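# Architecture and fold: a report
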Amino acid sequence: MQKYSFLSLARNALTYHENWQRAWRSPDPKPGYDVVIVGGGGHGLATAYYLVKEHRVGSVAVLEKGYVGGGNTGRNTEIVRSNYLWDEAAHIYEFSLKLWEGLTQQINFNLMFSQRGLLSLGHTLQDLRDIQRRINANLLNGIDSEFLTPEQIKEMVPAIDVSPRARYPILGASLQRRGGTARHDALAWGLARAADSVGVDVIHNCEVTGIRREGGAVTGVDTSRGFIKAGKVGCVTAGNSGVLASMAGMRLPLESRPLQAWVSQPLKPILDVVVMSNAVHAYISQTDRGELLCGAGVDSYNGYGQRGSPATLEHAIAAIIEMFPRFSRVRMLRQWAGTVDTCPDACPIIGLTPVKGLYFNCGWGTGGYKSTPGSGWVFAYTIAQNRPHRLNEPFSLERFATGHLIDEHGAAGVAH
Amino acid sequence: MLLIECPWCGPRDESEFAYSGEAHIVRPLTPEELTDEEWADYLFCRRNTRGDHLEQWCHASGCRRYFNVQRDTVTYRIKSVYKPGEPPPGDRP
Ligand SMILES: Cc1cc2nc3c(=O)[nH]c(=O)nc-3n(C[C@H](O)[C@H](O)[C@H](O)COP(=O)(O)OP(=O)(O)OC[C@H]3O[C@@H](n4cnc5c(N)ncnc54)[C@H](O)[C@@H]3O)c2cc1C
Ligand SMILES: [Zn+2]
């Protein structure tokens, strides 16, 4: 792998940037692999990377039906944070945030990871109680979290309306200073390049259409490019996880819903933190290009179309304009949607399945971008060792039968 | 935006309706005889169909009645609408 550095930039400038190596190969699939990962989003690519890097698995392929990062990884609003309420969730998201803090260096790819701080607004007395409770829980878990009064919020975000007569009065907020954003395309490309550099075959345009099993154990996958033998198969297909599960005769507690985001025309810098509000289902940040990047709540009905409902969009835009009246005349540039796999307790499912050698990592729903490195790390462990890591043990499929759900609707209910 | 045909009120804008999940889920008559896994399946697992999906909608801002809809979850096209108690269209396992 060609190392990216100031020197390589200078050297390539001399040849008019015409001699850069491809960031990753695009090989044809081999007849078989030790491990096949289905889904070339961030989670699948991170899993493949850590399988080789941490567990020395011999041959690994990532099969992606479209292009790398074409799923939710390249469609999200880029929010990264770890201030979740329950211990189980807090631990895995904080583990992931710590990986983020070193990831740009580790994979030698500028992820534009910016810990610009993240505010979660409270608009009612109950919101404030929930926020205080979550701050205390975060602090007990060693996660930075603090409370801001409306005056402190106004100081940090001058564009926001904190007047008591506002449609959604702002009574306070929690702040996670280590939270922020990171460029999502960079994450997909950086991880594809990192996985490729340790020998993973990242294969595009290769849709898995069947999961072959023999005597209760997985033997390989049928794909649009033929049968590929596999010792183990890890499915990381987000919104399409139910489709993959049915190929193996399984049912999952998931529903696939559209989730929308949009950007405005570029503006001069006006907002240098992330602002989100669970109550009004909207969140906003400003990208380095100057666009206001906003997201809505999840749509109310199932949909795989990567298209959202205009009613949901309108609601979120109205809420943002109420909070930032001066944005009312900003023009919208683009709008899009992804298909998110929502789980009843707003927590992921990561672990073994009743089929030997078949593993699932799904259910991240509206908020799995931030967890990409951590999720890949624990999933690689789970696949390599054939047992969950301490961090993902609570997120097994069995929790729905035992009743040990981890209700993160308060901290994760809205998207991001 | 979906245009949904309430069987009682006719075609109305999506925003008048509330989605109420997969249709034809029957509550087990003898829950005490089910294993935890079977109960979890009833409670949490869904077909989550990619394609023709049978689902319930409620005309929340209208007549407030529930009914069933057959909708393609990829194109979002509504294929048929039928009242509770009426058989679903087509063959179903
Ligand atoms: C609008 C929006 C905003 C969001 N905002 C945030 C946010 O601010 N912060 C946050 O933390 N999270 C956010 N999320 C959630 C986050 O994007 C996802 O949880 C995360 O990216 C999931 O990553 P993944 O790798 O599991 O899935 P994906 O990136 O969706 O990757 C799955 C891949 O599997 C492929 N695939 C599917 N079926 C097959 C098949 N049969 N064969 C081969 N390949 C297949 C797909 O093409 C896809 O590329 C948001 C999501 C959306 C849609
Ligand atoms: Zn009606």
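Residues numbered from 1 in each chain as written. Chains lettered and ligands numbered in written order. Predicted model: local features only at pLDDT ≥ 70, side-chain atom pairs only at ≥ 80, totals over all residues. Heavy atoms only, no water.

## Points about the interface of chain A and chain B
- In this assembly, 26 residues from chain A lie in contact with 22 residues from chain B.
- At the boundary of chain A and chain B, one finds 15 residue pairs in polar contact (both at pLDDT 80 or more).
- Elements represented by at least two residues in the side of chain A that touches chain B include exactly β12 (255-266), α8 (310-323) and α10 (399-402) of chain A.
- No other element matches β12(A), which puts 4 residues into the side of chain A that touches chain B.
- When its residues are assigned to classes, the side of chain A that touches chain B shows 13 nonpolar, 8 polar and 5 charged. (Contact = heavy atoms within 4.5 Å. Polar contact = N/O pair within 3.5 Å; in protein donor to acceptor, adjacent residues only side chain to side chain. Helix = DSSP H or I, 4+ residues; strand = E, 2+ residues; numbered from the N terminus. Nonpolar A, V, L, I, M, F, W, Y, C, P; charged D, E, K, R; others polar.)

## Focus: the packing of helix α2 (residues 42-53) of chain A against helix α6 (residues 184-197) of chain A
Residue and element names in this part refer to chain A.
- Contact pair α2 / α6: the axes reach a minimum separation of 9 Å and the direction vectors enclose 25 degrees. With respect to their mutual orientation, α2 and α6 come out roughly parallel. Here the hand of the crossing between α2 and α6 comes out left-handed. Between α2 and α6, the contacting residues are G42, L45, A46 and Y49 on the first element and A188, L191, A192, A194 and A195 on the second.
- Partitioning the contact of α2 with α6 into residue classes produces 8 nonpolar, 1 polar and no charged. (Axes fitted to C-alpha atoms, helices over the stretch in contact; angles between N-to-C directions. Parallel < 35°, antiparallel > 145°, perpendicular 65-115°, else oblique. Left-handed = near helix turned anticlockwise from the far one by under 90°.)

## Considering the confidence of the model for chain B
- Taken as a whole, chain B shows an average pLDDT of 95; of its residues, 97% reach a score of 70 or greater.
- In the predicted assembly, ipTM is 0.95 and pTM is 0.97. (pLDDT = per-residue confidence, 0-100.)

## Details of the sheet that holds strand β5 (residues 146-148) of chain A
All names here are of chain A.
- Taken together, 8 strands build an open sheet; the order of strands is β5-β6-β4-β13-β14-β15-β12-β16 and the sheet is mixed. Since the sheet does not close on itself, it has two edges, and those belong to β5 and β16 (332-342), each with one partner. Between one strand and the next, the sheet's axes are offset by a mean angle of 20 degrees, whatever the strand orientation.
- Examined bridge by bridge, β12 and β16 share 10 bridges and lie antiparallel to one another. (Pairing = 2+ DSSP bridges.)

## Quick word on the coordination of the zinc ion (ligand 2)
Residue and element names in this part refer to chain B.
- Here the zinc ion (ligand 2) is held by the protein donor atoms C6 (SG), C9 (SG), H59 (ND1) and C63 (SG), which lie 2.0 to 2.3 Å from it.
- Coordination at the zinc ion (ligand 2) comes from 4 donor atoms whose angles at the metal span 106 to 120 degrees, giving a geometry best classed as tetrahedral.
- Each donor residue of the zinc ion (ligand 2) lies on the same chain, and together they follow the pattern C-x2-C-x49-H-x3-C.
- In this structure H59 comes out as buried when scored by relative accessible area, which is 0%. (Donors = N, O, S within 2.8 Å, 3.2 Å for Na, K, Ca; no water. Tetrahedral: all angles 85-135°; square planar, octahedral: opposite > 155°, others 65-115°. Buried < 20%, exposed > 50% of the residue type's maximum accessible area, 1.4 Å probe, protein only.)

## Here's the deal with the pattern of salt bridges
All names here are of chain A.
- Enumeration over the complete set of coordinates arrives at 21 salt bridges over all chains.
- We note a salt bridge from D28 to R225, for which the minimum N-O separation is 2.6 Å. Of this pair, D28 sits in the loop between α1 (6-14) and β1 (32-38) while R225 sits in the loop between β10 (217-223) and β11 (226-235), and the two are 197 residues apart along the sequence.
- Overlapping salt bridges bring together E94, K98, E101, D144 and R178 as one network. (Salt bridge = Lys/Arg side-chain N within 4 Å of Asp/Glu carboxyl O.)

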